[in-house]
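Read off the chains here:
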Amino acid sequence: MRVATFEIPLGIELLAAALGGLQGALFAAAHRDRRVDVLGVVIIGLSVALGGSLLRDVVLDQPPVVIWANSYLLVAASAAVLGMTLQQTLTRAEWPLTVLDAIVMGLFGAIATSKALSLGVGDVGALVVGVIGSIGGGVLRDILMNRPVSVLHVGTLYAVAAAAGAAALIVLVALSTPILIAGAGSATVTVAVRLAAVRRDWTFPEQGSMRLRRRS
Amino acid sequence: MRVATFEIPLGIELLAAALGGLQGALFAAAHRDRRVDVLGVVIIGLSVALGGSLLRDVVLDQPPVVIWANSYLLVAASAAVLGMTLQQTLTRAEWPLTVLDAIVMGLFGAIATSKALSLGVGDVGALVVGVIGSIGGGVLRDILMNRPVSVLHVGTLYAVAAAAGAAALIVLVALSTPILIAGAGSATVTVAVRLAAVRRDWTFPEQGSMRLRRRS
Amino acid sequence: MRVATFEIPLGIELLAAALGGLQGALFAAAHRDRRVDVLGVVIIGLSVALGGSLLRDVVLDQPPVVIWANSYLLVAASAAVLGMTLQQTLTRAEWPLTVLDAIVMGLFGAIATSKALSLGVGDVGALVVGVIGSIGGGVLRDILMNRPVSVLHVGTLYAVAAAAGAAALIVLVALSTPILIAGAGSATVTVAVRLAAVRRDWTFPEQGSMRLRRRS
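Keep in mind that what you see is a predicted model, and the values were worked out from it rather than measured.

This paragraph deals with the UniProt feature "domain: Glycine transporter" (unreviewed entry) in chain A. In the numbering used here, UniProt assigns the feature "domain: Glycine transporter" (unreviewed entry) to residues 13-87 and 99-172 of chain A. Within the segment residues 99-172 of chain A, helix and strand shares are 77% and 0% respectively, and the terminal C-alpha atoms sit 24 Å apart.

A few words on the interface of chain B and chain A. In many analyses, interface size is given as the accessible surface area lost on bringing the parts together. Counting residues at the interface gives 31 residues for chain B, matched by 33 residues for chain A. Summing the contributions of chain B and of chain A, the shared interface buries around 2900 Å²; its carbon and sulfur component is 63%. On the chain B side of the interface with chain A, the three residues burying the most area are B:Arg35, B:Asp37 and B:Trp68, jointly 21% of the side's total. The tally of links from chain B across to chain A stands at 0 salt bridges. Our count for the contact surface shared by chain B and chain A stands at 5 residue pairs in polar contact (both at pLDDT 80 or more). Elements supplying a minimum of two residues to the side of chain B that touches chain A: α1 (10-29), α2 (38-59), α3 (65-68), α4 (70-85), α5 (87-90) and α7 (123-144) of chain B. Among the elements that take part in the side of chain B that touches chain A, α2(B) stands out by supplying 8 residues, more than any other.

Looking now at the relation of the copies chain C and chain B. It takes a turn of 120° to lay chain C on chain B, together with a shift of 0.0 Å along the axis; the resulting RMSD is 0.0 Å. Accordingly, the operation relating the two chain copies is best matched by a three-fold axis. An asymmetric contact is evident, with only 13% of the interface residues of chain C recurring at the interface of chain B.

Before going further, it helps to spend a moment on unusual backbone geometry. One can expect most non-glycine residues to show negative phi and most peptide bonds to be in trans. A positive phi is found at B:Ser176, a non-glycine position, where the angle reads about 65°. Within the fold, B:Ser176 resides in the loop between α8 (158-174) and α9 (179-200). For B:Ser176, a relative accessible area of 60% puts it in the exposed group. In the Ramachandran plot, C:Asn146 falls in the positive-phi region, its phi being about 55° despite a non-glycine side chain. Tracing the chain through its elements places C:Asn146 in the loop between α7 (123-144) and α8 (158-174).

Further remarks concern the environment of A:Val58. Mapped onto the elements, A:Val58 comes out in helix α2 (residues 38-59). On a C-alpha basis, the gap between A:Val58 and A:Leu10 in space is 21 Å, while along the polypeptide they are 48 residues apart. Those residues within four positions of A:Val58 in sequence are excluded, and the remaining contacts are B:Val58 and C:Val58.

Turning to the relation of the copies chain B and chain A, a few remarks are in order. Superposing chain B onto chain A requires a rotation of 120° together with a translation of 0.0 Å along the rotation axis, leaving an RMSD of 0.0 Å. Both copies present different contact surfaces, since only 13% of the interface residues of chain B are interface residues in chain A too.

Between chain C and chain B, the residue contacts involve 31 residues of the former and 33 residues of the latter. Buried area between chain C and chain B, both sides added, is near 2900 Å², and the carbon and sulfur share of it is 62%. Here chain C is connected to chain B by 0 salt bridges. Connecting chain C to chain B are 5 residue pairs in polar contact (both at pLDDT 80 or more). Mapped onto the side of chain C that touches chain B, the elements with two or more residues apiece are α1 (10-29), α2 (38-59), α3 (65-68), α4 (70-85), α5 (87-90) and α7 of chain C. Residues that form the side of chain C that touches chain B fall into these classes: 19 nonpolar, 7 polar and 5 charged.

Across its 20 residues, α1(C) extends 28 Å between first and last C-alpha, which sits within 8% of the 28 Å expected from 1.5 Å per residue. Burial within α1(C) is extensive, with 14 of its 20 residues counted as buried.

What follows is about the packing of α2(B) against helix α6 (residues 94-118) of chain B. Residues and elements named next belong to chain B. Where α2 meets α6, the axes come as close as 11 Å, and the angle between the chain directions of the two elements is 10°. With respect to each other, α2 and α6 are oriented roughly parallel. Together, Ala49, Ser53, Arg56 and Asp57 of α2 and Phe108, Ile111, Ala112 and Lys115 of α6 make up the contact between the two elements. Across the contact of α2 with α6, the residue classes tally to 4 nonpolar, 1 polar and 3 charged.

Parameters and conventions
- Residues numbered from 1 in each chain as written.
- Chains lettered and ligands numbered in written order.
- Predicted model: local features only at pLDDT ≥ 70, side-chain atom pairs only at ≥ 80, totals over all residues.
- Heavy atoms only, no water.
- UniProt positions renumbered as here; feature names shortened; annotations may be inferred.
- Helix = DSSP H or I, 4+ residues; strand = E, 2+ residues; numbered from the N terminus.
- Contact = heavy atoms within 4.5 Å.
- Buried area = accessible area lost by both parts, 1.4 Å probe.
- Salt bridge = Lys/Arg side-chain N within 4 Å of Asp/Glu carboxyl O.
- Polar contact = N/O pair within 3.5 Å; in protein donor to acceptor, adjacent residues only side chain to side chain.
- Least-squares fit on C-alpha atoms with pLDDT ≥ 70 in both.
- Buried < 20%, exposed > 50% of the residue type's maximum accessible area, 1.4 Å probe, protein only.
- Nonpolar A, V, L, I, M, F, W, Y, C, P; charged D, E, K, R; others polar.
- Expected span 1.5 Å × (residues − 1).
- Axes fitted to C-alpha atoms, helices over the stretch in contact; angles between N-to-C directions.
- Parallel < 35°, antiparallel > 145°, perpendicular 65-115°, else oblique.

Structural data, given as structure tokens:
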């Protein structure tokens, strides 16, 4: 079944890009020992903000929208500069940033999953593309900064939240839910899983503990 | 000269994907100090199983087959979960796994090389695409796990085996060999080089030793 | 406004590829502790020489020219082998190599920026594609070698030189400058910024110092 892409107003999407740029800059700033220079911080900001969208389009063999349109890059880069400047103030606003970050993950995940479905990708592929769209920016950031890719490791639940949201969208679309509602539902699921995980300190089992549990 | 893509029965290709998923999971499990969580292990498994195929299609500017069809992802992910569960039993079966791994490398290399040729890529480009298809999954795994990319380093011969197989296919196709025979021949060359290397502890010269040899 | 791609004679482009291969090999050779084998050095050489061009085409959703044509890969690989063999002699020629490297950066940056513009990419996107084309090879090299990505860090100015050159091309094209002149001007800007940075030991401010400056 072909479906429409979940489209959100450009303003919201740009806000999401801005938040990504901000967070990328704050992240780079929190790793001052790496001596990333000013332009490097902007590059990291762009990666976090737009990396997921870029990787989504590369994997879908489509011209990347963030490259073609000026607005995404401009907004994300400006936000990265802002984040760098206001770093000391912003790092105190940890909880609001976590909430906004979860919303951004949810929105980008829903956009990616529905874009994949609209191109005729199968359900499982759309799930993978959704996860890439949702957390790809963070993966790109970690690769560029030569750090362990955080979404793979115990204690983040990023990937789980992204997968849950993408799965929700696929189920809702299969039930013929209008794409606007399906997209909002998908983003809500991602946000709920992510924030619950942060709040209650949920973690996904480490592979070792899984083995142990099965043996005892 | 345009040629047909070397196609193998879907069943065999899925078996190859399964084996990749299995090996990725075993690999992640052998690096328990990294604290990769369960979903992380599945992601590593998918990367090993399907990364070569994905990178091949990205480099060839084609829609990635592993994204469009559900079966590859499902099979590889299930195999990764299985590998994680049976890890203790499977790590004892080292030699059979090495043989199967070599066969998978050979098959994916032959598929990638012939797909490149069929799209009109030149011989040298097809060789590179063949190597990417054969060992790209392992490279992606190492990048995601923030490890040294093993195929670049002394003592693996992975890249050499992949290049030998791709070269064999290109020569056989140039001699107008039917693609089924050329593909099988190519895979056989990769398997032979790889297993001989493991058996006899062959290594490719380190760049330093090359220099030393030339100076003495 | 649609513009023509800045095209340089194939001979010069191949010379640039050769220089990239040479530098990649010298770089790998200077990190002997990594124990990169001979084929690994060739792979690093290809990444430096052709990685920027490959990433440019992937991001632009075009069939990568370096894969389709044989010549780039052949020339870059031969140069990598040469670089490995003559390593001791060449490392003494540091200044000429730095100059040539800056010229290559400038040329690949101008080609990438103009190719993006000719495909209808916006100015900001073309700037980003120009930077990718100019320094993407070095980024790929660092990722494959599991090193910090040098262009992000204090003291290189690579990214700044690449961005300045790309911006120059965009401005010149907006002023209706013929593409040959715009391309040459763009490359000149990159070379000038890069060499001035090396000569005068310019660095771009670290993010930390920016913050300190604002507070004092």
